[in-house]
Amino acid sequence: MKWGFFTPIHIATLLAAAAMNLGLYYFLKHKSVKVQTLVMLPFSLLGVGAIIFNLLKWGSPLEYLPLHLCSINAMLLPVVLLTRSKTLGNLLLVWCLGALAALVMNFEMKDVELFSEAFFWYYFPHVFEFGLPLIFIKLGLVKMEAKYIPTTLALTMLIYTGVHLCNVAINSYCQLHQIVGASGELIQVNYMFSISPSNPLVALFYKLIPRRYWHMYLVLPILAVYLAAIYAPQLSAAHRRKARVFPFSKRIAH
């Protein structure tokens, strides 16, 4: 039985992903911080397990380095859980969208068998890479603060730039030394899709800006709108406080 793309099975797994995260949140809602941490720790490590699985399973480690957004997200999840880092916790509020996109737009995995190892190590890590950052916020383990919006955008593009440079270096090295992967083809990586489009959304970006690396900067306005929406209550409250302060200051000046 294959996973499929927007088949009844695929849709059922998306609903199951939402149910698992909601169930985990409500189970932990009234538990102590210690219990919350201990229960979520194994879930936060699933992505690390997936990284190890992919590096060992497919016989081509260069093509499965943890340089995709979801892999970096996976490595940061246990760090955020254990350190309560506000900077990283707010960053993962954006990066969790990548995990959701990987579940919804599962083009590369649509033909995988539903009860296979490959499905397990793709599906479950992405489920919790999407859900756990939201649960951290809802449980109060990490405080959501609008002041981290610039940091989130800057770190995202800084890491994207670093990954692009890794892509260029790996591809140049493999071309120079004619290094092939398990398929027998020359290894050319495309982590974080900085080199070329590999799904319809990135293809649209590339059509608008047909330059490798630069095309992904079209993500920035999307992220800005998303961040403005989720931080809207805080931004609105800050605006109201400022509106109250300035009239008072003007009266004092007169």
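It should be noted that the structure appears before, not after, this text.
Residues numbered from 1 in each chain as written. Predicted model: local features only at pLDDT ≥ 70, side-chain atom pairs only at ≥ 80, totals over all residues. Heavy atoms only, no water.

Peer 1: Would you mind showing me how to read the side chain of Asn21 here?
Peer 2: By the secondary structure assignment, Asn21 is in helix H1 (residues 8-28). Of the residues examined, Asn21 reaches a relative accessible area of 8% and is grouped as buried. Once residues lying within four places of it in the same chain are set aside, the contact partners of Asn21 are Val127, Phe128, Phe130, Gly131, Leu132 and Ile135. (Helix = DSSP H or I, 4+ residues; strand = E, 2+ residues; numbered from the N terminus. Buried < 20%, exposed > 50% of the residue type's maximum accessible area, 1.4 Å probe, protein only. Contact = heavy atoms within 4.5 Å.)

Peer 1: I tried to follow the environment of Met216 on my own but got confused; where do I start?
Peer 2: Residue placement: Met216 occurs in the loop between helix H8 (200-208) and helix H9 (219-230). When its relative accessible area of 12% is taken as the criterion, Met216 is described as buried. In contact with Met216, other than residues within four places in its own chain, are Tyr160, Met192, Phe193, Val202 and Phe205.

Peer 1: Can you help me understand the pattern of salt bridges in this one?
Peer 2: Pairing between side chains becomes possible if they bear opposite charge and their charged atoms approach one another. Tallying each qualifying case throughout the model produces five salt bridges. Its salt-bridge partner being Glu113, residue Lys2 comes within 3.6 Å of it at the nearest N-O pair. Placement of the pair is Lys2 in the segment before H1 and Glu113 in the loop between helix H5 (86-104) and helix H6 (117-139), with a sequence separation of 111 residues. Judged by relative accessible area, which is 45%, Lys2 ranks as partly exposed. (Salt bridge = Lys/Arg side-chain N within 4 Å of Asp/Glu carboxyl O.)

Peer 1: Explain helix H3 (residues 46-57) here, please?
Peer 2: Each α-helix turn comprises 3.6 residues. Residues three or four places apart therefore point the same way. Its 12 residues place the ends of H3 16 Å apart at the C-alpha level, agreeing with the 16 Å of an ideal helix rising 1.5 Å per residue. Restricting attention to buried positions, one finds in H3 the residues Leu46, Gly47, Gly49, Ala50, Ile51 and Phe53. Among the structural elements, helix H2 (33-44), helix H4 (69-83) and H6 are those in contact with the buried residues of H3. (Expected span 1.5 Å × (residues − 1).)

Peer 1: Looking at this structure, I do not really get unusual backbone geometry. What am I missing?
Peer 2: Backbone phi values are negative for most residues with the exception of glycine, while trans is the configuration of most peptide bonds. Of note, Phe6 is a non-glycine position whose phi angle comes to about 55°, a positive value. Mapping Phe6 onto the fold places it in the segment before H1. Here Phe6 falls in the partly exposed class, since its relative accessible area comes to 45%. One non-glycine residue, Gln178, adopts positive backbone phi at about 50°. Locating Gln178 in the fold gives a position in the loop between helix H7 (149-177) and H8. Residue class for Gln178 comes out exposed when judged on its relative accessible area of 54%.

Read these as geometric descriptors, not functional statements.
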